Amino acid sequence: MSRKFSAGAWVRRILLRIFVILAVFWGGGIAVFSILPVPFSAVMVERQVSAWLSGNFGYVAHSDWVSMDAISPMMGLAVIAAEDQKFPEHWGFDVAAIEKALAHNERHENRVRGASTLSQQTAKNLFLWDGRSWLRKGLEAGLTVGIETVWSKKRILTVYLNIAEFGEGVFGVEAASQRYFNKPASRLTLSEAALLAAVLPNPIKFKADAPTGYVRSRQAWIMRQMRQLGGEGYMESQKLK
């Protein structure tokens, strides 16, 4: 009995220490990256290691950090229009969207719909692994609260745009703009920004340099949403530019 108790207590101590270490690591990361550029994300590391383990040594997860001043306001507007139109208003979670997604997923088990905000996606991409699990979603929720508490909305959007995956080995809007349009992110047009945002649900399946009919239709929808939100004036009014 004492051995079982000792073993159980030992496991609990180990788990507690791991939790404390991760909490300090993630908390420190939130504090540091509220000011400093993000050199790489957890998803970038995951993709790179996965490529090496599969024998793909030509794969390189590439990104180029740029400030919001060096990103066209059309790009920020495009991802808000496409992914999270309540971004300036919510505290990290869109409760109405979550309720709709849960209802949809109960009716259509084979067509899962997500409801992650830009804040949640930033937390996941920066600190966690890809995939679906209750453990990851729980950690994501805690990290989302952390970045929403410490970072401004503009900072969250800046980090998101710099670490989002836009294609195989292409991370961040600057790398994507150079790869697909041969120009800096500061010069992206409304149409180009909408095309990049259109592939975000699955940037491995959907290609910005070879858009399918679905991607084109999504691009057109995003462009309409961008105009309805108010265009560049929306970014200025929300203090996101």
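Since we're looking at a predicted model, the values are computed, not measured. (Residues numbered from 1 in each chain as written. Predicted model: local features only at pLDDT ≥ 70, side-chain atom pairs only at ≥ 80, totals over all residues. Heavy atoms only, no water.)

### Let's talk about the overall build of the protein
Counting its regular elements, the protein contains eleven helices and two strands. Starting at the N terminus and ending at the C terminus, the protein contains elements arranged as α-α-α-α-α-α-α-β-β-α-α-α-α. By residue count, 45% of the 241 residues in the protein fall in the buried class. If you take every contact in the protein between residues at least 6 apart in sequence, the share linking residues at least 24 apart comes to 69%. Element-wise, carbon and sulfur atoms account for 60% of the exposed surface of the protein, whose accessible area totals about 13,100 Å². (Helix = DSSP H or I, 4+ residues; strand = E, 2+ residues; numbered from the N terminus. Buried < 20%, exposed > 50% of the residue type's maximum accessible area, 1.4 Å probe, protein only. Contact = heavy atoms within 4.5 Å. Areas by Shrake-Rupley, 256 points an atom, 1.4 Å probe, with all protein chains shown as cover.)

### Here we look at the packing of helix α3 (residues 73–83) against helix α10 (residues 213–229)
Closest axis-to-axis distance for the α3/α10 pair is 9 Å, and the angle between their directions is 105°. By the angle class used here, α3 and α10 are roughly perpendicular. Counted together, Met74, Leu77, Ala78, Ile80, Ala81, Ala82 and Glu83 of α3 and Arg218, Trp221, Ile222, Gln225, Met226 and Leu229 of α10 form the full contact between these two elements. Of the residues contributing to the contact of α3 with α10, the split by class is ten nonpolar, one polar and two charged. (Axes fitted to C-alpha atoms, helices over the stretch in contact; angles between N-to-C directions. Parallel < 35°, antiparallel > 145°, perpendicular 65-115°, else oblique. Nonpolar A, V, L, I, M, F, W, Y, C, P; charged D, E, K, R; others polar.)

### Brief notes about helix α9 (residues 190–198)
Burial within α9 is extensive, with eight of its nine residues counted as buried. Where α9 is concerned, the buried positions are Leu190, Glu192, Ala193, Ala194, Leu195, Leu196, Ala197 and Ala198.

### Brief notes about the confidence of the model for the protein
Residues at a pLDDT of 70 or more form 88% of the protein, whose mean pLDDT is 88. Ranking the helices and strands of the protein by mean pLDDT puts α9 first, with 98, and helix α4 (residues 95–107) last, with 63. (pLDDT = per-residue confidence, 0-100.)

### A closer look at the pattern of salt bridges
On inspection of all chains with the given rule, the structure shows eleven salt bridges. Of the charged contacts in the structure, one is a salt bridge between Arg218 and Glu83, with a shortest N-O distance of 3.2 Å. Here Arg218, found in helix α10, pairs with Glu83, found in helix α3; they are 135 residues apart in sequence, far enough to count as distant. You can call Arg218 buried: its relative accessible area is 13%. Linked through salt bridges whose partners overlap, the residues forming this network are Arg47, Lys124, Asp130 and Glu165. (Salt bridge = Lys/Arg side-chain N within 4 Å of Asp/Glu carboxyl O.)

### Regarding unusual backbone geometry
Phi at Asn182 takes a positive value of approximately 55°, unusual for a residue other than glycine. The topology assignment puts Asn182 in the loop between α8 (173–181) and α9. Of the residues examined, Asn182 reaches a relative accessible area of 67% and is grouped as exposed. Of note, the phi angle at Lys239 is positive, near 55°, even though the residue is not glycine.

### With respect to the side chain of Gln225
Mapped onto the secondary structure, Gln225 falls in helix α10. Take Gln225: its relative accessible area is 14%, and that puts it in the buried class. Those residues in contact with Gln225, other than ones at most four positions away along the chain, are Ala81 and Gln85.

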